[in-house]
Amino acid sequence: MESQSLARTLINEEGSQRMDGYRWMTCWWWVWPVLIVVGLSVLVYLGVLLARARLSGSRGGGADGGAGHSARRVLDERYARGEIDEEEYRRRKAELQ
């Protein structure tokens, strides 16, 4: 009889320990959905960044990927700063076009 009550006590203690662990875990159920939403948001954000980078690279309008526009910009800046005169500016501008 004593062994049966000891066994029941052990089972009850084990069961209550499991129940305590279960109750502890149920208070964290909301973490997984939040992590999934955050993870998906990060993936979408990275996808948008990648798409923008690819689109901005292809806007250059040629095989050079926009190098013509940046060369023209440098030429305009040099002319504006007075590093080259008008004749040099027109000659180089014609070469770029």
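For the structure itself, consult the block above.
In this text, all values refer to a predicted model and were calculated from it rather than measured experimentally. Each chain has its residues counted from 1, running along the sequence as written. For this predicted model, a pLDDT threshold of at least 70 governs which residues receive local features, and a threshold of 80 or more governs which side-chain atom pairs are given and counted, while totals over whole chains, interfaces and linings are taken from all residues. Hydrogens and water molecules were not included; the side-chain quantities draw on all heavy atoms of the structure.

## Observations concerning the pattern of salt bridges
For this document, the term salt bridge refers to a Lys or Arg side-chain nitrogen within 4 Å of an Asp or Glu carboxyl oxygen. Under the criterion given, the structure shown has 7 salt bridges. Across the salt bridge formed by Glu88 and Arg91, the nearest N and O atoms sit 2.8 Å from each other. Of this pair, Glu88 and Arg91 both sit in helix α4 (residues 86–96), separated by 3 residues, roughly a single helical turn. When salt bridges with common partners are traced through the structure, they connect Glu88, Arg91, Arg92 and Glu95 into a single cluster. Where helices and strands are cited, they refer to DSSP runs of H or I of at least four residues and of E of at least two residues respectively, numbered from the N terminus.

## Re the environment of Glu86
Its place among the elements puts Glu86 in helix α4. Each residue is assigned to one of three classes by its accessible area relative to the maximum for its type, calculated with a 1.4 Å probe on protein chains only: buried under 20%, partly exposed between the two thresholds, exposed over 50%. Given a relative accessible area of 40%, Glu86 falls into the partly exposed group. Counted as a polar contact is a pair of N or O atoms within 3.5 Å, where, for protein atoms, one must be capable of donating a hydrogen and the other of accepting one, and residues adjacent in sequence contribute only when both atoms are in side chains. For Glu86, the side chain forms a polar contact with the side chain of Arg90, separated by 2.4 Å.

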